[in-house]
Amino acid sequence: MTDAKIRLYVEQALSEGQSVPLTREAAHYLFGVMRRGVGDGVLLFDGQNGEWLAEVVEAGKRGGTLEVRRQTKPQQMPPDLWLVFAPIKKARTDFIVEKAAEMGAAKILPVQSEYTNSERIRQDRLQAHAVEAAEQCGGTYVPEVRELTKLSALLDHWPAERQLMFCDEAMVGQASVLHSAAQAGAPWAILIGPEGGFSEAERKRLHALPFAHPVSLGPRILRADTAAVAAMALWQTAMGDWG
Ligand code: SAM
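Structural notes, computed from the coordinates. As a convention, each chain's residues are numbered from 1 in the sequence order in which they are written. Given that the model is predicted, a residue must reach a pLDDT of at least 70 before its local features are reported, and side-chain atom pairs must reach 80 or more before they are shown or counted; all residues, however, enter totals for whole chains, interfaces and linings. Excluded from the side-chain calculation are hydrogens and water; included are all heavy atoms of the structure.

## Let's talk about the site of the ligand
- Working definition: residue near molecule or strand if any one of its non-hydrogen atoms lies within 4 Å of it. Residues in contact with the ligand amount to 21 residues; listed here are only the nearest, Cys167, Glu169, Glu195, Leu217 and Leu222.
- Polar contact criterion, stated in full: a pair of N or O atoms within 3.5 Å, where within protein one must be able to donate a hydrogen and the other to accept it, and residues adjacent in sequence count only if both atoms are side-chain atoms. At 2.7 Å, a side-chain N or O of Glu169 approaches an oxygen atom of the ligand.
- Between an oxygen atom of the ligand and a main-chain N or O atom of Gly193, the distance comes to 2.9 Å.
- For the area figures, the Shrake-Rupley method with a 1.4 Å probe applies, and any residue is considered shielded solely by the protein chains shown. Starting from 580 Å² of accessible surface for the ligand in isolation, the protein chains cover 84%.

This is the structure:
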């Protein structure tokens, strides 16, 4: 079998000896774009059962079949961290989803806050970005991207044990630390606001929540996409699966 540098996410649960039919898109990518053919190796993961080496046994223009040979990586789940963010412009929202998947978010929740401009998102497109990011970064897990919900509704039904790193631009200039020691091991979420930031009513509500930890991301106001990456790096350094 020749080299297996291509990684593909498949929905089918994987195990040794299995036959995996390819979708039309996957066949086009593998055989049309990447010029792979019968006998070539491909790495597969399903988000639950690690990574597997598979061999192309049938290659066609509209389809094909792979056969799973052996496991190459065990499943690695990310820490239980949600990224909650208000969608911004399309390309920057795509960037946030891609980076969240690379940096180890377990779930991605777009929310509509008072100053969020977009009222709709293409959840399927964002989910595809998360899949692509997982394929490229060597991860074995794909975070679920939820449909857009109202921030207020999400907070109404918030699971009490989940801690919230509330990235509040109004905290700039105030010393704030992530109290990691007390909450390490708990499920967490990071909240990033839209371009317009949080309204005073939202800020007041968030500051009063017992599970919310308001934090500053430094002395400068970051764009929401930069803030999402910076916040995930800080959280991962303090409590995540890095290092
Ligand atoms: N329009 C707001 C203002 O001028 O104050 C800025 C909003 S900022 C572009 C978007 C989001 O990124 C904020 O709601 C917050 O969640 C996060 N953010 C950006 N810079 C931050 C900082 N220095 N500290 C905490 N959060 C920050």
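Text resumes after the structure shown.
## Some remarks on the packing of aromatic side chains
- Only centres within 6.5 Å qualify two rings of Phe, Tyr or Trp (six-membered ring in Trp) as a pair; their planes then separate them into stacked at under 30 degrees, edge-to-face at over 60, and tilted for everything else. Under the defined criterion, the tally for this structure stands at 4 aromatic pairs.
- Ring geometry for Phe166 and Phe198: centres 5.1 Å apart, planes at 80 degrees, overall edge-to-face. Taken as a pair, Phe166 in strand E10 (residues 163-167) and Phe198 in the loop between strand E11 (188-192) and helix H6 (200-208) lie far apart in primary sequence, 32 residues in all.
- A 1.4 Å probe rolled over the protein chains alone gives each residue an accessible area, and that area as a share of the maximum for its type sets the label: buried under 20%, exposed over 50%, partly exposed in between. Relative accessible area serves as the criterion here: at 0%, Phe166 is assigned to the buried category.
- A residue is classified by how much of its surface remains accessible, and Phe198, at 5% relative accessible area, is buried.
- Ring pairs connect the aromatic residues Trp82, Trp158 and Phe211, which therefore count as one cluster.
- Counting as a charge over the ring demands two things of the Lys NZ or Arg CZ atom: a distance within 6 Å of the ring centre and an angle within 35 degrees of the ring normal. Against the face of Trp82 rests Arg162, its NZ or CZ located 3.8 Å from the ring centre. Runs of H or I in DSSP of at least four residues are treated as helices and runs of E of at least two as strands, each being numbered from the N terminus.

## Looking at the side chain of Arg203
- As for its position among the elements, Arg203 is in helix H6.
- Contacts are residue-level and defined by heavy atoms, with any inter-residue pair within 4.5 Å sufficient. When sequence neighbours within four positions are dropped, the list of residues in contact with Arg203 reads Asp168, Glu169, Ala170 and Phe198.

## Quick notes on the environment of Gln75
- Structurally, the position occupied by Gln75 is in the loop between strand E5 (64-73) and strand E6 (81-85).
- It is 7.0 Å that separates the C-alpha atoms of Gln75 and Glu51, two residues lying 24 residues apart in sequence.
- Each residue touching Gln75, except ones within four places of it in the same chain, is listed here: Gly47, Gln48, Asn49, Gly50, Thr140 and Tyr141.
- At 3.1 Å, the side chain of Gln75 and the backbone oxygen of Gly47 are in polar contact.
- At 2.8 Å, the side chain of Gln75 forms a polar contact with the backbone nitrogen of Gly50.

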